[in-house]
Amino acid sequence: MSMVVIGIDPHKSSHTAVAVDEAGRKLAQHTVPATPDGLLRLHTWAATCHPQPRWAVEDGRGIAGRLVRTLIGHGATVVWVPPKLMAKTRASARTRGKSDPIDALAIARAALREPDLPTAHLDQPALELRLLSDRREHLVGRRTAAINQLRWHLHDLDPALDPGKASLTGPRRLSRLTAALTALPAGVRRDLALDLTAEITAFGAQIARLEQQLSRQVTALAPSLLAIVGISVVTAAKIVGETAGIARFRSASAFAMHAGTAPIPVWSGNRAQYRLNRGGNRQLNTCVHRVAISQLAHHQPARDYRARWMRRRPHTSAKASLRALKRHLTNAIYRALLTDHQHQLQAAT
């Protein structure tokens, strides 16, 4: 029996699926509501197309997470299709325009053209870390916005109250600032400054609790990753959460492509040249970038690696050497994640 791929364009209220054969010809399409009953109907419809189809879902985990978990729970094989890959496939098709069925068809055909796309699987610890990391980042952003507003008020009330370059996140500093503001004459601006100070204090307490929770979970899940110089608990949690299971990558090169650190060849002739990879998971790429900058500042082996790389390529730029270091670090992160994964398997058995 020939292979059938079902591409899904997920949305908040509905999911549109298109089935194609191994040549990319459209066989059928179906739209269901994004409800438990709709997902059950989708699975029943898929069985009429093929007993064991291969599922391809556009990589939008905020929308498609429950869908993918349901499919995997029914024993389906699911791959994530990056939105850029889907868009390129849609642009190369003979059908013009954009709609849910057109997008779902492009997703299915993209999965056919790229057989090595990462396979989705259930990884509850990684999901929890990603949710905790996202919540922490949201709170940090809100705290930063509150601090910026507070400093404008402090400048108007009394410039001496603004600590300048010093941080306004420490509990002691915030406590002293609250006492100083309380001593000022009553007024709307002073009251707003006190409200903002209380908000910043509350955000700080929530962020601290989340970081403690992240520390407990990451220390148990990824000790080898934490052993890499420049990787903190927060960075390790982000890496594990965005990786969503290192076993789904067939090699370090596949992981580097997912992280956006694999160089892109851009030459025609005898001189090999590469450019920056602007694809991949940008959150994961940011983590690798932070680790690279940290190691260049505090880790001599990283500085030695960059120096050796530049000696062998005297006509390259400092940015190119940083990209090479990020690619090198991606290999180290891949090996550490794989080691931690193997330890988890051994502990489970």
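Here, every reference points to the structure presented above.
Just so we're clear, the structure is a prediction, and the values are computed from it rather than from any experiment.

Rules and cut-offs
Residues numbered from 1 in each chain as written. Predicted model: local features only at pLDDT ≥ 70, side-chain atom pairs only at ≥ 80, totals over all residues. Heavy atoms only, no water. Axes fitted to C-alpha atoms, helices over the stretch in contact; angles between N-to-C directions. Helix = DSSP H or I, 4+ residues; strand = E, 2+ residues; numbered from the N terminus. Left-handed = near helix turned anticlockwise from the far one by under 90°. Contact = heavy atoms within 4.5 Å. Pairing = 2+ DSSP bridges.

Draft legend 1. Region of interest: the packing of helix 9 (residues 233–243) against helix 11 (residues 282–298). Two elements in contact, helix 9 and helix 11, have axes separated by 9 Å at closest approach and are oriented at 150°. As for the relative orientation of helix 9 and helix 11, their crossing is left-handed in sense. Of the residues in helix 11, those in contact with Thr-235, Lys-238, Ile-239, Glu-242 and Thr-243 of helix 9 are Gln-283, Leu-284, Cys-287 and Val-291.

Draft legend 2. The arrangement of the pairing of strand 3 (residues 26–33) in detail. Both strand 2 (residues 14–21) and strand 3 contribute to a ladder of 7 bridges, which runs antiparallel. Bridging across to strand 3, Ala-17 finds its partner in His-30. Hairpin geometry of strand 2 and strand 3 is characterised by an intervening segment of 4 residues between the two adjacent antiparallel strands and by a positive phi of about 85° at Gly-24.

Draft legend 3. Quick look at the sheet that holds strand 5 (residues 77–81). Pairing within the open sheet is mixed, and its 5 strands lie in the order 3-2-1-4-5. The two strands at the open ends of the sheet, each matched to only one other strand, are strand 3 and strand 5. Adjacent strand axes in the sheet meet at a mean angle of 25°, parallel and antiparallel pairs treated alike. In terms of strand pairing, strand 4 (residues 54–58) meets strand 5 through 5 bridges, oriented parallel. The residue of strand 5 that forms the bridge with Ala-56 is Val-79. Along the sheet face, helix 1 (residues 36–49) touches strand 1 (4–10), strand 2, strand 3 and strand 4 and points at about 165° away from the line of strand 3.

Function cannot be read off these values alone, since they describe shape.
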